[in-house]
Structures are given as structure tokens and as C-alpha cells.
There are 2 protein chains.
Amino acid sequence: MVERTLVKELKHSVGEMIKVQGWVQRIRKLGKIAFILLRERSGVVQCVIDTTKIELTSLKVESVITIVGRVVEANVALGVELQVQSLEIISEVGEDLPFELNKEELEVNMEMLLDHRVLGLRHEKTNAIFKVQAVLAQAFGAFLKEEGFTQIYTSKIVAEGTEGGTELFEIEYFDRKAYLAQSPQFYKQMMVGAGYERVFEIGHVYRAESHATSRHINEYVSLDLEMGFITDEMEIMDLETRMLRYMLTMVKAECPQELEVLGVRLPEIREKIPALKMSEVIEILHRRYDRTDLEMDLDPEAERMIGEYAVEKYGSEFVFITHYPQSKRPLYTMPAEEGMTHSFDLLFRGLEITTGGQRIHSYQQLCQSIRTRGMDPENYADYLEVFKFGMPPHGGLAIGLERLTGQLLGYKNIRQVTLFPRDKNRVQP
Amino acid sequence: MVERTLVKELKHSVGEMIKVQGWVQRIRKLGKIAFILLRERSGVVQCVIDTTKIELTSLKVESVITIVGRVVEANVALGVELQVQSLEIISEVGEDLPFELNKEELEVNMEMLLDHRVLGLRHEKTNAIFKVQAVLAQAFGAFLKEEGFTQIYTSKIVAEGTEGGTELFEIEYFDRKAYLAQSPQFYKQMMVGAGYERVFEIGHVYRAESHATSRHINEYVSLDLEMGFITDEMEIMDLETRMLRYMLTMVKAECPQELEVLGVRLPEIREKIPALKMSEVIEILHRRYDRTDLEMDLDPEAERMIGEYAVEKYGSEFVFITHYPQSKRPLYTMPAEEGMTHSFDLLFRGLEITTGGQRIHSYQQLCQSIRTRGMDPENYADYLEVFKFGMPPHGGLAIGLERLTGQLLGYKNIRQVTLFPRDKNRVQP
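Note that this is a predicted model, so its numbers are computed, not measured.

Q: Just checking my understanding: could you explain the relation of the copies chain B and chain A for this structure?
A: Related by rotation about an axis and a shift along that axis, the two copies of the chain form a pair. The two copies are related by a screw motion: chain B maps onto chain A through a turn of 180° and a shift of 0.0 Å along the axis, at an RMSD of 0.0 Å. The symmetry that links the two subunits is that of a two-fold axis. By C-alpha distance to the rotation axis, the residue of chain B lying nearest is Ile-171 of chain B, at 2.2 Å. Looking at chain B, 100% of its interface residues are interface residues in chain A too, so the copies touch through the same face.

See below:
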């Protein structure tokens, strides 16, 4: 009887005396009987207590307790409940909670929720978000490992930014300045050239953007991949299609409870995700939505419109946009005919969740691209070296983990799906 | 014939015309015949060329090429070689390499190696290090997932340090100061209390230590775990024992080639890893090694001695040290009798690779511990909140990924096993 039994395993122990441990989610007294809902990582169980034998006066919700009791069948979702023999408080609660946790919805505003982030995570809906997020990230890694990718951990302390000097957080690094990495872009390309050919990284990236929108945050988890010996960006898009399908399959398999709690319907990905050229997208926006102001670039409203369009026209909640003009893409992007590029974005439910494409692999062409942007290749010497000594054609993509989570689970503000969000006004908790 | 065949798959294509792509590792000419060693992510293949038909004058080592040829059996390690029909240069090399890559050992000094990190990674030995490292980190995650742990991504930008204000890198964070996280310690404990109970994180941590030793680096990957509802630190030690055994099994299974290239013998972990109390360790060091200067703490030489002792006495390359005094452990460490603590270190081949233990879960006790160290619990309000509202007994550990890799593969300097090392003098590449 020493071993703890998990709530999800109780159904196998009907008639037995067992021990459970967890948090007191709710206490309800009915004459001489009291009902306690005990919550732990695997579920919630109702515990029936004879209050003439067990004293409950001092017990507050959210206390951590040990209960020993007999498992009996019951007409509840779990199928069983506990007849309590003993109850021990392991960790007492002295104060009142900043908000009520045992309601169906956490009715608190965003600031309050984030100020007390950890307590809010005890609510089953909030809790479920980060279980799904963990599965998304792990599935990303598992799929790529199977495809021959090596996981890498590149430095987040860099001497310069990836795409010029803007939007970088500065670090006091001993007697010099350094910066937080905006992206592992250069490193993942370098690692392709280091001979690993296929690499991925799951790690934080940092953007010192001072504007606060519901879609932006200053620190987020980037799911990055890069692969060598490709023909063009279509190969990356094909890989992403298969990968997303796998990630969704894993979420479905591993998070049935969480999806139910959150009331989430998973999207379907068929053989191919539809792809539209940027020029077609602009044409559609002009024609169907009267957005004549746009020029080869989308704002959030336009992304939503194209998201709608893809559902109506193709029955797909995902849509690739391809053929971006060079002027809208970073210096390492592989050019295509007529000022276009071999690059793409992926919209999911009307929000960009991926940017990717083929990269320039010729040293001379890359130097030229840097100069065209008014910069000096000398400042990119560390990045460029590998291009001098044999670099295969390559490409890759990055997915914002929190954005993907938010779109999948139906949260509008990125802060809701970021564990400990950091923005201009928040570095705590 | 469009599809590329990987070198490791060639043995299944004897007699066929196939396409391979990779780097030119070596060119050897013998009259009218030339031999090229082509290297890619899965292996190296010898390609035999009739130089009367294919012109090689301009080809330099490390160029990226496509070869089409016929697979024939050959008396070489791979079992097959290629009779080349055509050779195309995809990415030309114009300059000489900073060092020779196609020798058995990379004969360059550390600074040179790290200045040209990416090129050095093309050498099979250096390359193998980070494939093994990736498997170690993935196996850590896979094992814990199976044990019911949730992977988390906590912020690396924090308002204060974990253990007082020393050794922190300062960030210019909009109009205030923030710091790079030294450890996810507080967050992982908070996530236990958030109801996840069992969490792990694989992520960078930052230490602004200005001294440069072969064992320290300013940014490293920490394998962190924390679990609730434990009895004491022995449960964490038991978990780590099983986990390390699993990680070694995975390295053995997934990296046979890499282990052979590196000439590595994997250690064995039997039923239990031996554990010595700190007082016993000090006694042994006094008695057997004449180290009468030590007082309940070890220096690197003493760690090596105890590592030797464990091999001689127990036949184990791992040894736990337990019962550290309170004065040597951080504020969250669970005290034990006589000024001791419920904490441990793990030495592997004479180097500390893990610190762990049980943590204080009582709010009052934790406040007291903070005050005893001359600090104010008010400054730890974000951390402490969850302890007021029901915190289970818990504990955990952290493993330095690079240290573990170094000890396993026999590298003395942590920089050799860090992909892009950061120290006082280096933020590049």
C-alpha cells in the first residue's frame, strides 16, 4: 500500500485499498458526507468522506493531500470513486487563491492570468495547452530524426544579427557587446555544410520588437530545420506537408483528453496542401475582397482572407504562398525568374506559421546578395566561410511553436500559449 | 536515376547505375585512373575514374559533386565502390582549406579549430561527437516521456538570478535590465506545482563566470528534470541510474559507427550505482590520498581520485556522492539531520556531471532558508507563490550535456564537445 496509484489506473483496482496523492480541487459537504475532487497529473477522482470520522474543517482547496481508500464503481465519467479511509495533508494552503481555479473557465484577464501564471496552469484547460505543445515539438523532432536529421543546439549569444543590426537584444558580455540570436538561420545552414546535411533545432529565439501585438512576443520557441541536396523549395514544402500530418497524428494519439477538454477539432491534411503564387494571392485579394492597397505583401487581415479563401476553394485550412519577390525576403533567399524567389510561407487558419525556402549556396552569389543590400560580406565572414569550401544546394524552414499551438487550439493571443511570455512590459514570472 | 542514393545503401545496388552526391574527401591519381573518396552524411565511398574520359584538373578537395556510376563489389570496408560515368561539380572550391581535413586526426590547435569550427566538423571524428550528443539528449527526453514527464520550454530572460545576483549576464531589455537564466531550477519546480508533476527541459543556460577552465563554459545545454510526490532524493538517484542506462543503450544502438570512429568504450551501469556519503569521501581522501586539506567539498583533483577509487573498489565508472552539508548547497535544498542535506552529485570518470536532490516544499521552510542566507523572500515572490498554494514533495537533477558527452567520448576540454562554444574570449563563429 506504500505505492501511489495514478487516477487513470484506478479503474483496474476496483475493490482494493489504494493510495492517491494530489491537489484538492473542490470540497462539497452534504450532511455527514463530504465529497472531495482530487486532481493530479493523470486525472480527477471523487473521494467520499464520512465527516464523523475524518475532520475536514481546516482543509482548503489546492492543498496537497494523500488519501487512502477503497476503489468502488460509480456512475461518473471516471467509472470509479474512492471511499476514504484516511486523509493526510502534505502541503497546506493558508491564503485565498488570487482567482478561482475550479470553474469550467478561468475568468481572469490576461495580466492577472500571466501574473499568476503557475496557478493558472492548474486549470485543466490552461494545463492542456502545454501538454499539446510538448507533443507538437516532440513530434517535430521524432519525424525529422526518422528522416535522417541530426538535432543541434547552436549558440544563442552571437556577435551580430542574422539579417542586419535591427531588433536585437544587447548583452553585456564581459568587456564587449554581444546579442541574443534572432534565429539559428546561419548556424543551421553552416551545419548542413559541416556535413550533417540535415539538421533541426528546437530552441528559443529573440526579437527585440517593441510593438506589442497579439501575434508577436519577444522570446519564442522556433522549430527550425535545414536540409542539403535539394532540387528546390518544393522539396521543403513536401517535407513540411508530411511532417505536419505526422505532428497532427501524434497530437490526436497522445492528447485525446486534452483535445476534448479544449474542444478542439484537428485540421486535416490531404495529399497536398494547396499552393498559391503571391501574384495570384494579390489578384484574389483585389478581386474578391476589394483589397486594392496591397503590393506583393500581406497584412494580418489579408492573411485571414486568404485563409478563408483556401477553405472555401480547396477545403484546406492550410495554404502555401509561393513566389515572393526578392525585395521581401532575406539576403540568403535563392532568387528565381523575374525578381521572384524560391521561397514560401505557410498560412494555417489565416495566420503565417512558417517561412521557408531554398537558400543561395554559391559563395559569389551570396556575397553579391549581401552587397546588393548595402552591406559588406566582410561582416559575414564566419557565415560565409563554409560557402567557400563546398556547399550543397539546400533549404529549410522555421515554424513558430507558440503560433502553431495557438492556431491549432484556438487561442488568439500568443501569450496564452507561451509558458512564460516575455514582452516589452513583462519579464516575470 | 534522378534520385540520390545514400552511400550506406549502395551495397543493395550492386550492378546498378546510381547517383551519389557529397564532398570530395580525397583525390588520388594513378596513371590514367583516379580515385575519389566521396563523403556524405551516411558514409564514404571510393569512386574510380577513367581520366582519359573525365577531366579532373580543376577539382579540389571539399568540392561538392554529383557522381553517376555503376556500383561494383570491391575489397574495401564498404564492400562496394563506384565506376564513374559522369561527374558534375555542384559547388566549387577556390581557395586552400585552413587545415587538412583528410587525415586520421585533425592536427590543429584549439583556437584554430574553433575559429574554423564548421570546417572542422567535416572531419569524421569531430562530426561523430555531435551525432552522439544528439542521441544522448534525445534519449534523455524519450526516457522521461515514457516515465510520464512533460517537456517544457521556460524563459531564458529573467528578472533576477536563481541563487543570488552573481555570475549573471545582463541584457538591455527595452527600458530595464534583465538577465540570462543561469538555470531553469525555479521554473521546473514551479511547473511541478502547476500540476504537471513531472517535467523536463533541454535548453541553454548561461553562467557569466569569467575564469576560463577546461571544464567550464559560459553557455551550455542543461538536461533538467524535476518530479513531484517523491519520498526522498534516493528516488531521483534511482531514476537517474535507469535513465543513464537507457541513454547508453541508445548510443550503443544508434551510433555504432561513431563509437568505432572515436574508439570509445561505453561504461556499464549495473543494478545500482555506488553511493558514498561526503563524510566517507573526505575520509577516503584523507586516508588513501593524503588530501588532508579538504573540508566537505571536492576540487577537480579530489573528484578524479574518488573516480579512481570507485573503479578500484566497486568496478564502477559512476559514483554518487550524498549527504552534502547545507552550507555547500543552494537555498532550495531539503535539509537532513545534523546540518546535512537530501542532495547528491554524480561523478562520471572523475568529473561531476550531475547535481540533484530533494527540494524544500514547505513555504515557511523555504522563506526561512532564504532569510538564513541574508536574503529577502519578497525578492522571490514569483517563485514562492506556488509554495503557498499546495506544493508536493519534489526533487530533481541537472546534467550538463557537454560534460556528459566529453566524459563519455574522452575529450578533456569542454570546448571540443560544445558545438559553438562561448567563453570570455569567444563569441564567434
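Q: How should I be thinking about the interface of chain B and chain A in this particular structure?
A: As a measure of interface size, the accessible area lost when the parts come together is often cited. Chain B puts 94 residues into the contact, and the matching count from chain A is 94 residues. Of the roughly 8100 Å² buried where chain B meets chain A, counting both sides, 61% is carbon and sulfur surface. Of all residues in chain B, Tyr-153, Phe-174 and Phe-389 of chain B bury the most surface against chain A, accounting for 10% of the area lost on that side. Linking chain B with chain A are eight salt bridges. The shortest N-O distance in the salt bridge between Glu-197 of chain B and Arg-4 of chain A comes to 3.0 Å. Our enumeration of links across chain B and chain A arrives at 44 residue pairs in polar contact (both at pLDDT 80 or more). The class makeup of the residues in the side of chain B that touches chain A is 45 nonpolar, 21 polar and 28 charged.

Q: Would you mind showing me how to read unusual backbone geometry here?
A: The general pattern is negative phi for most residues beyond glycine and trans for most peptide bonds. Cis peptide bonds are those with omega within 30 degrees of zero, and the linkage from Gln-428 of chain A to Pro-429 of chain A qualifies with -10°. Despite not being glycine, Phe-174 of chain A shows a phi value in the positive range, around 50°. Secondary-structure assignment places Phe-174 of chain A in the loop between strand 8 (170–173) and strand 9 (176–180). A positive phi angle, near 60°, is found at His-323 of chain B, a position not held by glycine. Here His-323 of chain B is to be found in the loop between strand 13 (318–322) and strand 14 (343–348).

Q: Looking at this structure, I do not really get helix 10 (residues 381–388) of chain A. What am I missing?
A: One full turn of an α-helix is made of 3.6 residues, so residues set three or four places apart face in the same direction. Buried within helix 10 of chain A are the following residues: Tyr-383, Leu-384, Glu-385, Val-386 and Phe-387 of chain A. Close packing links the buried residues of helix 10 of chain A with helix 4 (185–196), helix 9 (363–372) and strand 16 (394–400) of chain A together with helix 1 (110–115) and helix 2 (117–120) of chain B. Directly beyond the C-terminal end of helix 10 of chain A, a positive phi value near 95° is found at Gly-390 of chain A.

Q: Hey, could you run me through the pattern of salt bridges in this one?
A: Oppositely charged side chains can pair when the atoms bearing their charge come close. Tallied over the full model, the rule gives 63 salt bridges over all chains. Put simply, Lys-145 of chain B and Glu-254 of chain A hold a salt bridge, and the shortest N to O gap is 2.9 Å. One end of the pair, Lys-145 of chain B, is in helix 3 (residues 124–146); the other, Glu-254 of chain A, is in helix 5 (residues 233–254), on a second chain. Classification of Lys-145 of chain B as partly exposed rests on a relative accessible area of 30%.

Criteria and thresholds
- Numbering of residues begins from 1 in every chain and follows the order in which that chain's sequence is written.
- A letter from A marks each chain and a number from 1 marks each ligand, given out in the order of writing.
- Under the rules for a predicted model, residues below a pLDDT of 70 receive no local features and side-chain atom pairs below 80 are neither given nor counted, while totals for whole chains, interfaces and linings still include all residues.
- Hydrogen atoms and water are omitted, and side-chain values are computed over all heavy atoms in the structure.
- Superposition of the copies used a least-squares fit over C-alpha atoms from residues whose pLDDT is at least 70 in both.
- Throughout, a contact is declared for two residues whenever any of their heavy atoms are within 4.5 Å.
- Note on definitions: buried area is the accessible-area loss of two parts on being combined, 1.4 Å probe, summed for both.
- Salt bridges, as used here, are contacts in which a Lys or Arg side-chain nitrogen is within 4 Å of a carboxyl oxygen on Asp or Glu.
- Here a polar contact is recorded for every N or O atom pair within 3.5 Å, except that within protein the pair must consist of a potential hydrogen donor and a potential acceptor, and residues adjacent in sequence are included only if both atoms are side-chain atoms.
- Charged residues are taken to be Asp, Glu, Lys and Arg, nonpolar residues to be Ala, Val, Leu, Ile, Met, Phe, Trp, Tyr, Cys and Pro, and polar residues to be all remaining types, Gly included.
- Secondary structure counts use DSSP, requiring at least four H or I residues in a row for a helix and at least two E residues in a row for a strand, with both numbered from the N terminus.
- Partly exposed describes any residue whose relative accessible area lies between the buried limit of under 20% and the exposed limit of over 50%, with all areas from a 1.4 Å probe on protein chains only and scaled to the type maximum.

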